Amino acid sequence: MILTVALAVPLLGALALAGSKRWSAMRARWFATGAAALSLLALIVAWFGFDPSGPLFQHVDEVRWVPSLGVAYRVGVDGIALAVATMSALLFVAAIAYPLDARSEPRQDHVQYYAWLLFLQAMSLGVFLALDLLLFYVFFDLTLVGMYFLIGRWGHGEPQVSALKFFLYTFAGSLALLLAIIGLYLSLDPHSFDMRVLIERQPLAGSGLYAGLVFLALMLGLAIKTPLVPLHTWLPQAHVDAPGPASAILAGVLLKMGTYGMIRLPFAMMQDAFARYALAIAIIALVAIVYGALVALGQRNLKRRIAYTSINHMGYTVLGIAVAAAAFSDTDVARRLALTGATVEMVAHGLITGALFLICGSFWQRTGEYDLDRYGGLARQAPLLTGFTVLAAFASLGMPGLAGFVAEFQIFAGTFAVYPWLAVIGVVGILITAALFLDLLRRLFFGSRPLHLVDFPDLNRAEWGVLAVLTLGIVVIGIAPRFLLTLIEASSAVLVGGR
Amino acid sequence: MPVGDLLPELILLVGAVIIVLFAAFSSHDRQAWAAGLALVALALATGFSVMQWSRAPMLSFSGVWALDGPAIAAKWLMLFSGAVTVSLSPQWMRSDRRHGEYYALILFALLGMIMMASANDSMQLVVGVLLSSTASYPLVAYHRGWAPALEAGMKYFLIGALTNALLVIGVVVLFGLVGDTDYARTAEALVDADPFALTIATACIVLGLSFKLAAFPAHAWMPDVAQGAPAPVVALLSVAPKIGAAVALARFVLLLPVDQAWPAIVALIAAVTMTLGNLAALRQSDVRRLLGWSSVSQSGYALMAVVVIGAHPQALRALLAFLAAYALANLAAFAVITHLRGRTALDDYRGLARAQPIVTAVLIVALLSLVGIPPLVGFFGKFLLFEVTIAAGYGWLAVVAAINTLVSLFYYLRVIAVTMFKAPEGEVHVLGIWSWLAMLASVVVLLVASLGVEWGLGLMASLRFAL
Amino acid sequence: MNQNATALIAEYWAVGLFVAAVVTLCVFMIGAASLLGGRSRGRSKSLPFESGIIGAGSARQRFSVKFYLVAMLFVIFDIEAVFLFAWSVAVREVGWSGFWGAAIFIFILLAGLVYDSRVGALDWAPKRRVRVDDSI
């Protein structure tokens, strides 16, 4: 029940906002923040009620929807889903409370903006909480609709082109996913979309070509969303033209759907097929890690650079998942470690990149520019902005004591046990990431200050308040990750086996 | 003679005759009352066909008239689209001094389409196709002073004349092969028929029906009609003939012996139709023409279910569910266009969301349902199609359809983007309360169908052809 | 196959001969005439032959739409007669139900006739144009 509350509150809030005519933007923002926070609260309650030694899926709700197709409204969480969903809810609260960086828009319009954000929140949480394949797909698609309108209407640059490209590209992935879902559905007798049944029965184990095709379509769909390297080209443009908070959601939440989907669908339901192709996927992930980092290093556009680091970080996550899927029975502990690491990476990356993109939004709001060459020497003028950016950047490059380190350490420890050579190459990615973030900080905050930045204001209260919450999360996970690890390990142990 | 089996159709016929007489004797300002008469006739016909529902599938009138689930479900859909069209029309036609018989033509066209869906005899099929065609030609060219309408009507007529002639040739060859027009005896006699002549007959009949379906190769009239015909008529002609023809085609191909390669041919037509329609729609800058092409591509999807109609027990359900979803969404879209006084250039839709939020919402819901975005009913229609085609071993066709869905998203989004993201220009004139109500009715039915999918599927789960 | 071809030739050789004879005769008459006959050229020689009267005007004239209208109405009611003939030969077998069927059919066409006359489709001259402005 508690999960349904977490889904319904933002949806009802969105409806209320869409129907309201005379609300001021300020009031709409507070209302939306409240609705998002309630949803977050519901998830925190669910967290406290989660029993790590209990069954895999807990808090399950089931309502009949289309029984003749085996579709039902089924929600429930395991530790992985709960961790990612809670992070997403937190990020949504932050994004809604953060000031919108649209520079010259009528304020009346903003009520709709908050309505769309709440709608997107409901749909995104739905993806993480769904226990029904079709419901998963429904939410997966509807997030595209929400994000399409957010980018197209409140973006800058060429928002409509970017929004269209984003929608078409990721919808192509969705369709591959749909075909694969039908493939999975047809393999079960009687046909059903219940994920629990699919995970338990592993219907496609050992069915050769058919399983291979379904697996390929699943991975294709999810890899576009993640995005893995040859399929990443939609990402930078969508990010650059999206408004800051929407960018934070895009990187922090929507990308997670790809990797979360990999854990939930192919990893859990087709262990056999995944194990066969684990090495190939690990190598692709490695390419994403190195390529993403190198391309990010070459970017002179602030937002583009951060967007490419997302590709790099999602590469770590996929590497962790692929390692966890590899079929070596003597490395259970290492594989569990890798899966836990991959999940922590999702949470950490959501918080860190969310904070970084919100900061990008603040830059845009102040100057209307992303070009790194136009900045410099802001450290003295805007100490708060500098502090938060430095913290988030260090977390992103994997500084010990911050969230990114916990995740990457576990992933690489696990990888080292299973595919030692890949781990060695992968560490190069971290090195490049460090270089690119240090370079970013140098160009933004140090050196000489250009003339047009003389009256560059520091963060206001709303901005630093939100960033403080996010960075607090980053630091807590970095210093005392036990509370998160207990939750995730409960599920990764079941999924990898050996509990 | 079991006249009761024909009651809905007889009511349509009598209603049309009454409307013709009424229109002949009433003055200009009372011509719109004929719309009321037509609605009454449609309501009565729907009521009587609801009463036929609970009966077991049967054949009537010595086997020429099928009274089974698919026919009745198709009848409901066609009657509903007729009702939406009729209620959209009075204000659209207001300036026409003599439009009473327009409603009679709509009823005659509907009667022909219903005959197509129910025909269990090849001559009956011909009569249905011809009746619906001849009644549709004047509907398309009803604005007789406007050149594009005449052009559309002429194209419609020429393509129709050619394909109807082909249909008749096909039926005659079939008759020559089996010595009977009745489907039951045709099926028996076809087992050892000459395969070459049978191929010719099948090809001609499929071609003839592809005209009504607006499927390749007889699809060329659809975009012109969508652009030139009165907008309410397009709502009817882009929906109802497809339903009738799809059911008729499904009924017909089931007669063919298994060694005939018809599934491959229909699959090819399906793939070509959807691809062609989508590619042509991509660059359209005219919303009505765009929707016309999209309607062509949707016929291609519907044909996917016909391909596997004999190979999968749920294919018929998928076909009907898809047709219902398509019909509701397309009706809503054309209701919006009619309500906006037929505004058609894409640029005229700039910023519509600010000026007419509800109308825009209806349009967006309709377009998203046409793409198949869940949880709208269009998604379930496509999902069922994909399911049966994959399960029956036509995975490649499902992949083609998925790619086409992606392509179609592009042009639907173009329309949505123009309404949502551009600044409004000029004033938006709307038609009036009737079209407003018809638009709301169609979108409400669309949403109810989306929520009540389970009920609808339950209704259709056990449908079988009477044969 | 060969047997069939032989049988075919045996049955139809006379027809083939006839066709060949016709073609030969035509070719001979036209060919001989053009080879042996004399020729004269002149303006009147290249005109279409109309019984000695020189043709006037073009063949592509516009006719009043009324002609087509009457032709169409004729076809409709002619076809009615065709159906009624079919009924008349079976009038005993189909009995009263056939009678009512034919009656409904006639009444529907009658309604059409009434409609035609009301909208002015049967008026040859446009005298009642005041009431109904546009004809079909």
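Calculation rules
Residues numbered from 1 in each chain as written. Chains lettered and ligands numbered in written order. Predicted model: local features only at pLDDT ≥ 70, side-chain atom pairs only at ≥ 80, totals over all residues. Helix = DSSP H or I, 4+ residues; strand = E, 2+ residues; numbered from the N terminus. Rg over C-alpha atoms; globule rule 2.2 N^0.38 Å. Buried ≥ 20, exposed ≤ 12 C-beta atoms within 10 Å, placed from the backbone. Contact = placed C-beta atoms within 7 Å. Core = buried A, V, L, I, M, F, W, Y, C linked by C-beta atoms within 7 Å. Expected span 1.5 Å × (residues − 1). UniProt positions renumbered as here; feature names shortened; annotations may be inferred. Arc of directions from axis to C-beta. pLDDT = per-residue confidence, 0-100. Domains from an automatic or database assignment. Axes fitted to C-alpha atoms, helices over the stretch in contact; angles between N-to-C directions. Parallel < 35°, antiparallel > 145°, perpendicular 65-115°, else oblique. Left-handed = near helix turned anticlockwise from the far one by under 90°. Nonpolar A, V, L, I, M, F, W, Y, C, P; charged D, E, K, R; others polar. Pairing = 2+ DSSP bridges.

Attention shifts here to the overall build of chain B. Counting secondary structure elements, chain B contains 20 helices and 2 strands. Taken over the C-alpha trace, chain B has a radius of gyration of 21 Å; the compact-globule value for 467 residues is 23 Å, and the two agree within 12%. The principal-axis extents of the C-alpha atoms in chain B amount to approximately 65 × 55 × 40 Å. Looking at chain B as a whole, 62% of its 467 residues are labelled buried. Taking the contacts inside chain B whose residues are at least 6 apart along the sequence as the reference set, 80% of them involve residues at least 24 apart.

Helix and strand content of chain C: 3 helices and 0 strands. When the helices and strands of chain C are read in sequence order from the N terminus, they spell out α-α-α. By residue count, 1% of the 136 residues in chain C fall in the buried class.

As a further point, take the nonpolar core. All names here are of chain B. Within the largest apolar cluster, 414 residues are counted, with the highest numbers of intra-cluster contacts made by L107, A305, L319, F322, A332 and A366. For this core, the leading source of residues is helix 14 (residues 315-339), giving 21 residues. Residues contacting L107, with those up to four places away along its chain left out, are L12, G15, A16, I19, A38 and A41.

For the rest of this paragraph, the subject is helix 5 (residues 133-154) of chain A. The first and last C-alpha atoms of helix 5 of chain A sit 32 Å apart over 22 residues, in line with the 32 Å expected at 1.5 Å per residue. Within helix 5 of chain A, 21 of the 22 residues are buried, which leaves it mostly tucked inside the rest of the structure.

All names here are of chain C. The feature "transmembrane region" (unreviewed entry), as annotated in UniProt, sits at residues 12-36, 67-90 and 96-115 in this numbering. Secondary structure across residues 67-90 comprises 96% helix and 0% strand; the distance between its end C-alpha atoms is 35 Å. Secondary structure content for residues 96-115 is 100% helix and 0% strand, and the end C-alpha separation is 28 Å.

Moving on, we get to helix 2 (residues 33-52) of chain B. Each α-helix turn comprises 3.6 residues. Residues three or four places apart therefore point the same way. Residue and element names in this part refer to chain B. The end-to-end C-alpha distance of helix 2, which contains 20 residues, comes to 29 Å, matching closely the 28 Å that a straight helix rising 1.5 Å per residue would cover. If you check which residues of helix 2 are buried, you get A34, A35, L37, A38, A41, L42, A45 and S49. The buried residues of helix 2 occupy one face: seen down the axis, they fall within an arc of 160 degrees.

Before going further, it helps to spend a moment on unusual backbone geometry. Here the bond from T226 of chain A into P227 of chain A is cis, since omega is -15 degrees, no more than 30 degrees from zero. By secondary structure assignment, the location of P227 of chain A is in the loop between helix 8 (208-225) and helix 9 (234-241). Even without being a glycine, A214 of chain B presents a positive backbone phi close to 55 degrees. Phi is positive for R341 of chain B, close to 60 degrees, though the residue is something other than glycine. Considering the arrangement of structural elements, one finds R341 of chain B in the loop between helix 14 and helix 15 (352-355). Classification of R341 of chain B as partly exposed rests on a count of 16 C-beta atoms within 10 Å.

Moving on, we get to the confidence of the model for chain C. Of all residues in chain C, 87% have pLDDT values of 70 or greater, and the mean over the chain is 82. Overall fold confidence for the complex sits at a pTM of 0.84, while the interface term, ipTM, reaches 0.79.

Glancing now at the domain arrangement of chain C. The assigned domain composition of chain C is domain 1 (2-37) and domain 2 (65-118). Taking the mean C-alpha position of each, domain 1 of chain C and domain 2 of chain C sit 49 Å from one another.

This next bit is on the arrangement of the chains. Contact analysis covers 2 pairs of chains in contact, and the most contacts occur between chains A and B. No interface is formed between chain A and chain C, the nearest pair of C-alpha atoms being 46 Å apart.

Here the focus is the packing of helix 14 of chain B against helix 16 (residues 357-371) of chain B. Residues and elements named next belong to chain B. Across the interface, helix 14 lies against helix 16 with an axial gap of 9 Å and an inter-helix angle of 150 degrees. Taken together, the axes of helix 14 and helix 16 are roughly antiparallel relative to one another. Like other packed secondary-structure pairs, helix 14 and helix 16 cross with a definite hand, here left-handed. Contact residues: A325, A329, A332, A333, V336 and H339 in helix 14; V359, V362, L363, A366, L367, S369 and L370 in helix 16. Partitioning the contact of helix 14 with helix 16 into residue classes produces 11 nonpolar, 2 polar and no charged.

To continue, consider the interface of chain B and chain A. Contacts between chain B and chain A engage 23 residues on the former and 24 residues on the latter. Those elements giving two or more residues to the side of chain B that touches chain A turn out to be helix 17 (377-391), helix 18 (395-421) and helix 20 (453-460) of chain B. Class assignment for the residues of the side of chain B that touches chain A results in 19 nonpolar, 2 polar and 2 charged.

For R335 of chain A, the position within the fold is in helix 13 (residues 332-367). Since 27 C-beta atoms lie within 10 Å of it, R335 of chain A is described here as buried.

We now examine the packing of helix 10 (residues 244-269) of chain A against helix 12 (residues 302-325) of chain A. All names here are of chain A. Where helix 10 meets helix 12, the closest approach of the two axes is 11 Å, and the angle between their N-to-C directions is 15 degrees. Considered as vectors, helix 10 and helix 12 are oriented roughly parallel to each other. In this structure, helix 10 meets helix 12 at a crossing whose hand is right-handed. Side by side, helix 10 and helix 12 meet where A251, L255, T259, M262, I263 and F267 of the first sit next to S310, M314, T317, V318, I321 and A325 of the second.

Right, let's talk about the pairing of strand 1 (residues 58-66) of chain A for a bit. Put simply, side chains in a regular strand alternate between the two faces of the sheet. Bridge analysis of strand 1 of chain A against strand 2 (residues 71-77) of chain A gives 6 bridges, and the strand direction is antiparallel. If you follow E62 of chain A over to strand 2 of chain A, its bridge partner there is R74 of chain A.

All names here are of chain B. Turning to its location among the elements, D224 is positioned in helix 9 (residues 221-228). Note on D224: 21 C-beta atoms within 10 Å, which makes it buried. Placed 88 residues apart in sequence, D224 and S136 show a C-alpha to C-alpha distance of 14 Å. In contact with D224, not counting residues within four places along its chain, are E151, A152 and K155.

All names here are of chain A. Along the chain, the position of P159 falls in helix 6 (residues 159-187). For P159, a count of 21 C-beta atoms within 10 Å corresponds to the buried category. It is 38 Å that separates the C-alpha atoms of P159 and F412, two residues lying 253 residues apart in sequence.

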